[in-house]
Amino acid sequence: MTIIYKYPLSFDTPCRLSLPKGARVLHAAFQHNIPCLWVQCDPNVEEREERMFQLFATGEPIPDK
């Protein structure tokens with residue numbers, strides 16, 4: 001069984017999410033002025049993987065590391 005979860009993100013710092021192994025990122029957008037990430041996953045999967053996401057505004061430089 002898979003479910004779609006929504007995670008709020010931040011422009012201020014990289015966001016580390018502990019997701020069930022095999023989670024699939026579906027969409028990123030603003031909702032009520034908050035950047036969010038929609039992820040499809042099986043909540044019954046016990047093995048987790050840490051994934052990091054970082055947001056950058058259009059036209060802003062992205063650091064090499």
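In this numbering scheme, every chain counts its residues from 1 along its sequence in written order. In keeping with the predicted nature of the model, local features appear solely for residues at pLDDT of at least 70, side-chain atom pairs appear and are counted solely at 80 or more, and the whole-chain, interface and lining totals rest on all residues. As a rule here, side-chain values come from all non-hydrogen atoms in the structure, and water together with hydrogens is ignored.

## With respect to the packing of aromatic side chains
Then comes step 1: By convention, a stacked pair of Phe, Tyr or Trp rings (six-membered ring in the case of Trp) has centres within 6.5 Å and planes under 30 degrees apart, an edge-to-face pair has planes over 60 apart, and any other such pair is tilted. Within this structure, the stated rule accounts for one aromatic pair.
Then comes step 2: Ring centres 6.1 Å apart and planes at 25 degrees place the aromatic pair Phe-11 and Phe-30 in the stacked group. Here the residue Phe-11 occupies a position in the loop between β1 (3–8) and β2 (15–20), and Phe-30 occupies one in strand β3 (residues 24–31), the gap between them amounting to 19 residues.
Then comes step 3: The exposure class of Phe-11 is partly exposed, given its relative accessible area of 41%.
Then comes step 4: Given the relative accessible area of 54%, Phe-30 is considered exposed. Elements are defined by DSSP. Helices are runs of H or I of four residues or more, strands are runs of E of two residues or more, and each kind is numbered from the N terminus. Exposure categories follow from relative accessible area, calculated using a 1.4 Å probe and restricted to protein chains: below 20% of the type maximum is buried, above 50% is exposed, and the middle band is partly exposed.

## Section: the sheet that holds β1
Then comes step 1: The strand order β1-β4-β3 describes an open sheet built from three strands, whose pairing is antiparallel. Each edge of the open sheet carries a strand with a single partner, namely β1 and β3. Across the sheet, the mean angle separating the axes of adjacent strands is 25 degrees when strand polarity is ignored.
Then comes step 2: We treat two strands as partners when DSSP finds at least two bridges between them. With six bridges joining them, β1 and strand β4 (residues 34–41) adopt antiparallel strand pairing. Of the residues in β4, the one forming a bridge with Ile-3 is Cys-41. Axis lines are fitted to C-alpha atoms, over the contacting stretch for helices. Their N-to-C directions set the angle, which ranges from 0 to 180 degrees.

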